[in-house]
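Letter by letter, the chains look like this.
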Amino acid sequence: MSLQLRLFGGGQAAASKLSTSNDGNHAIDKSKVLAQTQAGVITPNTPGNFSSIRSVPVVPDPRYFTKKEADAMKGLAKEKTDGARQSKRAYKALTKIEAADKTVHKEHRKYEGAVAENELGKKRADVGLAKKLHSMRPGYARLGLGIDKADSDARTRIDEIKAKLTGAEN
């Protein structure tokens, strides 16, 4: 059967073999590729809630504060300033952790790409061997037929000798 018939119709067995082999289809799911790495990650589709932090309520109108209120606010300001400093350190560390995670992620994807590329190279080598072995089949068939002919010739000759010997004795 010609390659054209196998590719474009004719012969159910050949057609089913072709469709079950890799004919260019893929199983790459775009939604999986673009899925978030974690539920709370900020993306254009999940932009976060734009929340903020407010330690004290907004003073809507001008007013006078008492000494007690001012002292309490000064203490709270000192506490919040220190908290802000610690928060800045923590967010800086979190940013470094995210960058490290990204590096590991990228390097792993590079590795996976190399694995996929090398797998393709291995499959190409396998296909090359399969083609080479198929091209050798006629030679092996000739050798096999030669052995069969030699066996048949030997049996014929043996039968002739037996007939001669057994015919001479009778």
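Our structure is the block above this text.
The structure presented is a predicted model; accordingly, all values stated were derived computationally and were not measured.

Visitor: What am I meant to see in unusual backbone geometry here?
Guide: Peptide bonds are, in most cases, trans, and in most cases residues other than glycine have a negative phi. Even without being glycine, Phe50 reaches a positive phi, approximately 55°. Locating Phe50 in the fold gives a position in the loop between helix H3 (30-33) and helix H4 (67-169). The exposed category is assigned to Phe50, whose relative accessible area is 71%.

Visitor: Before we go on, may I ask you to explain a nonpolar patch on the surface in this structure?
Guide: Together, Leu129, Leu133, Met136, Tyr140 and Leu143 make up an exposed nonpolar region whose accessible area comes to about 520 Å². Residue placement: Tyr140 occurs in helix H4. Overall, Tyr140 belongs to the exposed group, its relative accessible area being 54%.

Visitor: Before we go on, may I ask you to explain the pattern of salt bridges in this structure?
Guide: Oppositely charged side chains can form a pair if their charged atoms are brought close together. Scanning all chains against the criterion turns up nine salt bridges. Asp82 serves as the salt-bridge partner of Arg85, at 3.6 Å between the closest nitrogen and oxygen. Taken as a pair, Arg85 and Asp82 lie in helix H4 at a separation of three residues, close to a single helical turn. Accessibility expressed as a relative area gives 48% for Arg85, which makes it partly exposed. In this structure, Glu160 and Arg157 form a salt bridge, with 3.6 Å as the shortest nitrogen-oxygen distance. Of this pair, Glu160 and Arg157 both sit in helix H4, three residues apart, roughly one helical turn.

Rules used throughout
Residues numbered from 1 in each chain as written. Predicted model: local features only at pLDDT ≥ 70, side-chain atom pairs only at ≥ 80, totals over all residues. Heavy atoms only, no water. Helix = DSSP H or I, 4+ residues; strand = E, 2+ residues; numbered from the N terminus. Buried < 20%, exposed > 50% of the residue type's maximum accessible area, 1.4 Å probe, protein only. Patch = residues over 30% accessible without salt bridge, like charges linked within 9 Å, V, L, I, M, F, W, Y side chains within 5 Å. Areas by Shrake-Rupley, 256 points an atom, 1.4 Å probe, with all protein chains shown as cover. Salt bridge = Lys/Arg side-chain N within 4 Å of Asp/Glu carboxyl O.

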